[in-house]
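The chain contents come next:
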Amino acid sequence: MHRPASTRKATPPQTAHALPIAALLCGNLALAFGPWFVRLTDVGPVAAGFWRIALAAPILVALAFAVQRKPFAAAKGLWLPIALGGVSFAADLASWHVGILQTTLANATLFGNSATLMFPIYGFFVARAWPSKTQGLALALAAAGAALLLGRSFQLSPKHLVGDLLCLLAGTLYTVYFVLMARARAAMAPIPTLALSTLASVFPLLIAALLLGEKVWPGHWGVLIGLALASQVVGQGLMIYAIGHLSPLIVGIALLTQPVIAGTVGWIVYGETLGPADFLGAVLVAIALVLVRSGGPRVAPEAQEPKPA
């Protein structure tokens, strides 16, 4: 017997799943240490992105075969979005790493995390994951928190224009990557999806590093191995898992935890002072994360189909 459409709405909302939320937050935690690793490397910024990908790729492929007998069988018909996702991610890393050296840290963090707003907007208008009143309030609090976190040191200047534009481009490309990976995750498990997109990122980053004349071969491997494991294997692995289960709004707001963590690292390691506005901004982001988890989004029925774990 055909079930009425209303029975689908009885399914618990995606935001009620504790495991994807935990994965999302842990993924952002791991990714927040990426810029610190990049600072510590002895290669060029784009070359650091290349090694992050190149060292992680064989690990992810091995993990894909460890968890599934035929991990890439479901990729049929998805090769184009996966390949484009990999190229978008490579361009994101390249533009972000170059841009961060040509602007202030605050500007780079602000523009590089512009996916905080772009990905939820995609969810609202394309995926039709409309926010509830509670989640609308969460988005407003998150925006206020971001303004407080970055507003104290944010500045626009012709001196930083190129770096600002590169970091804004990085945030836009990161959004494109999320959109394409969300499409692939509708049919594939997380590790095979990430493994294929990672492989697609290797050569674009290597070519870019060589064209820019950067030092590619490192003298010390420890930091690059840490970058690959923390940012690509753990960080992106958990993020790819989470976007298969959570709405774009939740993923977008959770990205704001990265500036909070990065600011804490800067405070502890580099003595970068945090003021009352920074702590208040962090509190607002935390409240937004609690609210966005408690208020389920209004998702179009066709967008509620179950996704692979």
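Residues numbered from 1 in each chain as written. Predicted model: local features only at pLDDT ≥ 70, side-chain atom pairs only at ≥ 80, totals over all residues. Heavy atoms only, no water.

Caption draft 1: The overall build of the chain, seen in detail. Counting its secondary structure elements, the chain contains 13 helices and two strands. Split into buried and exposed, the 309 residues of the chain put 51% on the buried side. Restricting to contacts in the chain with at least 6 residues of sequence separation, those with at least 24 account for 91%. Of the roughly 14300 Å² that the chain leaves accessible, carbon and sulfur atoms contribute 73%. (Helix = DSSP H or I, 4+ residues; strand = E, 2+ residues; numbered from the N terminus. Buried < 20%, exposed > 50% of the residue type's maximum accessible area, 1.4 Å probe, protein only. Contact = heavy atoms within 4.5 Å. Areas by Shrake-Rupley, 256 points an atom, 1.4 Å probe, with all protein chains shown as cover.)

Caption draft 2: Summary view of helix α9 (residues 190–211). Taking 1.5 Å of rise per residue, 22 residues should cover 32 Å, and α9 covers 32 Å from first to last C-alpha, within 8% of that figure. Looking one or two places after α9, you find G213, whose phi comes out positive at around 70°. (Expected span 1.5 Å × (residues − 1).)

Caption draft 3: Up close: the packing of aromatic side chains. Overall, the coordinates contain twelve aromatic pairs when judged by the stated rule. Ring pairs connect the aromatic residues F50, W51, W217 and W221, which therefore count as one cluster. (Phe/Tyr/Trp six-rings, centres within 6.5 Å; stacked < 30°, edge-to-face > 60°.)

Caption draft 4: Structural view of the packing of helix α8 (residues 161–185) against α9. Running from N to C, α8 and α9 cross one another at 135°; their axes reach a closest spacing of 10 Å. The pairing of α8 with α9 is recorded here as oblique in orientation. In this structure, α8 crosses over α9, and the sense of that crossing is right-handed. Listed contacts from α9 to Y177, M181, A184 and R185 of α8 are P190, T193, L194 and S197. Taken together, the residues of the contact of α8 with α9 sort by class into five nonpolar, two polar and one charged. (Axes fitted to C-alpha atoms, helices over the stretch in contact; angles between N-to-C directions. Parallel < 35°, antiparallel > 145°, perpendicular 65-115°, else oblique. Left-handed = near helix turned anticlockwise from the far one by under 90°. Nonpolar A, V, L, I, M, F, W, Y, C, P; charged D, E, K, R; others polar.)

Caption draft 5: Examining a nonpolar patch on the surface more closely. A contiguous nonpolar patch, built from I59, L63, I225 and L229 and spanning about 290 Å² of accessible area, is present on the exposed surface. When residues of the nonpolar patch are traced back to their parent elements, those giving at least two are α3 (45–67) and α10 (222–243). Within the element layout of this structure, I59 appears in helix α3. (Patch = residues over 30% accessible without salt bridge, like charges linked within 9 Å, V, L, I, M, F, W, Y side chains within 5 Å. Salt bridge = Lys/Arg side-chain N within 4 Å of Asp/Glu carboxyl O.)

Caption draft 6: Expanded view of the side chain of S95. Along the polypeptide, S95 turns up in helix α4 (residues 79–99). There is a polar contact of 2.8 Å between the side chain of S95 and the backbone oxygen of A91. A distance of 3.2 Å separates the side chain of S95 from the backbone oxygen of D92, its partner in a polar contact. Residue contacts for S95: discarding those within four places in its chain leaves L166, L169, A170 and L173. (Polar contact = N/O pair within 3.5 Å; in protein donor to acceptor, adjacent residues only side chain to side chain.)

Caption draft 7: Region of interest: α3. For α3, spanning 23 residues, the distance from its first C-alpha to its last is 33 Å, which sits close to the expected 33 Å at 1.5 Å a residue. At A57, α3 shows its maximal kink, close to 35°; a proline, P58, follows between one and four residues later. (Bend = angle between axes of the 7 residues up to and from the residue.)

Caption draft 8: Layout of the environment of L280. Here L280 lies in helix α13 (residues 276–294). By relative accessible area, which is 45% here, L280 ends up partly exposed. Sequence spacing of L280 and A144 is 136 residues, and the spatial spacing of their C-alpha atoms is 9.7 Å.

Caption draft 9: Up close: the side chain of E214. Structurally, E214 can be placed in the loop between α9 and α10. K215 is the oppositely charged side chain nearest to the buried, salt-bridge-free E214, at an N-O distance of 11 Å. Residues contacting E214, with those up to four places away along its chain left out, are G44, P45, V46, A47 and A209. (Lys, Arg positive; Asp, Glu negative; His and termini not counted.)

Caption draft 10: Representation of the environment of P120. Note that P120 resides in helix α6 (residues 115–125). Of the residues examined, P120 reaches a relative accessible area of 1% and is grouped as buried. The sequence separation of P120 and T175 amounts to 55 residues, and the corresponding C-alpha distance is 9.5 Å.

Caption draft 11: Looking closely at the environment of A62. Among the structural elements, A62 can be located in helix α3. Given the relative accessible area of 47%, A62 is considered partly exposed. Distance in space between the C-alpha atoms of A62 and A195 is 8.9 Å, their sequence separation being 133 residues.

Caption draft 12: Looking closely at the packing of α3 against α10. Two elements in contact, α3 and α10, have axes separated by 8 Å at closest approach and are oriented at 55°. Taken together, the axis directions place α3 and α10 in an arrangement best described as oblique. Of the two possible hands of crossing, α3 and α10 adopt the one that is right-handed. In contact with A48, W51, R52, I53, L55, A56, I59, L60 and L63 of α3, α10 contributes L224, I225, L227, A228, L229, S231, Q232, V233 and Q236. Class assignment for the residues of the contact of α3 with α10 results in 14 nonpolar, three polar and one charged.

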